[in-house]
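What the coordinates show
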Amino acid sequence: DVETSGVILVATEDAQWDRLRAAFREHRGAKRYRALVQGDVQWPGDRLELELPLRVARHKPAFVRVATDAEAARGRSRVIEQKMKKLETLPGASLVEIEPRTGFLHQIRASLAHLGHPVLGDLRYGGSRNAGARRHMLHAAEVAYEEVTAVAADPDDFCAVLNGLRSAQAGA
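Residues numbered from 1 in each chain as written. Predicted model: local features only at pLDDT ≥ 70, side-chain atom pairs only at ≥ 80, totals over all residues. Heavy atoms only, no water.

Quick notes on the environment of Gly-103
Formally: Secondary structure elements are taken from DSSP: a helix is a run of H or I of four residues or more, a strand is a run of E of two residues or more, and numbering for both begins at the N terminus. Only heavy atoms matter for contacts: two residues are in contact if any of them lie within 4.5 Å across the pair.
Among the secondary structure elements, Gly-103 is positioned in the loop between strand E6 (93-100) and helix H3 (107-114). Separated by 79 residues in the primary sequence, Gly-103 and Phe-24 place their C-alpha atoms 7.9 Å from one another. Each residue touching Gly-103, except ones within four places of it in the same chain, is listed here: Lys-31 and Arg-78.

Some details on the pattern of salt bridges
Cut-off, in case you're wondering: A pairing counts as a salt bridge when a side-chain nitrogen of Lys or Arg comes within 4 Å of a carboxyl oxygen of Asp or Glu. Think of it in three bands: residues with accessible area under 20% of the maximum for their type are buried, residues over 50% are exposed, and the middle band is partly exposed, with areas taken using a 1.4 Å probe on protein chains only.
Taken as a whole and judged by the stated rule, the model has 14 salt bridges. One salt bridge connects Arg-28 with Glu-26, and the closest N-O pair in it is separated by 2.7 Å. What makes Arg-28 partly exposed here is its relative accessible area of 41%. We note a salt bridge from Glu-88 to Arg-166, for which the minimum N-O separation is 2.7 Å. Here the residue Glu-88 occupies a position in strand E5 (residues 78-90), and Arg-166 occupies one in helix H4 (residues 156-171), the gap between them amounting to 78 residues.

Looking at the environment of Asp-122
Relative to the helices and strands, Asp-122 is located in the loop between H3 and strand E7 (138-145). For the pair Asp-122 and Arg-109, spaced 13 residues apart in the sequence, the C-alpha separation amounts to 7.9 Å. Beyond its immediate sequence surroundings of up to four residues, Asp-122 is in contact with Arg-109, Gly-127, Ser-128 and His-136.

Structural notes on the pairing of strand E2 (residues 30-38)
Quick reminder of the rule: Pairing between strands is defined by DSSP: at least two bridges between the two strands are required.
The buried fraction of E2 amounts to 8 of the 9 residues, a majority that puts the element mostly inside the structure. Bridge count between E2 and E7: 6 bridges; the pairing is antiparallel. Bridging across to E7, Lys-31 finds its partner in Val-143. As defined by bridge partners, E2 adjoins E6 across 6 bridges and the pair is classed as antiparallel. Of the residues in E6, the one forming a bridge with Tyr-33 is Ile-98.

See the structure below:
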């Protein structure tokens, strides 16, 4: 996603590219995202392991939605898997961490919106620009595979929205 901040892995040789692609296709790589989402997330134990059939409902601009049972039965969807954890409750929002096992277009954004907690600033999936979010507040914090680990600190705009929400909480 163009607006998602954070780390990406780049290969400078074809063999390394093939190796990384295979690792993530076979779910041997690890990814960790942070997101600011609307509402107070109420998952059991503040954790949720999710399996959900998604499908591309529209191209250009892309839009992904949960597949119906009939679409899933006809093979017109892809089951995504991810673990999610609430890290912090904020006024009208939550800070969550997402560890996707699969990788599918807009997987995190579409699944969070389906659960009633769209990413702040994500107008495509029902998020609002509240709290000063000028883009969707989704950040790729870490990607790892074998000897390769890349970490990215929260960017300034993400921190500004997070700190604004924390300030509002402290002032309440």
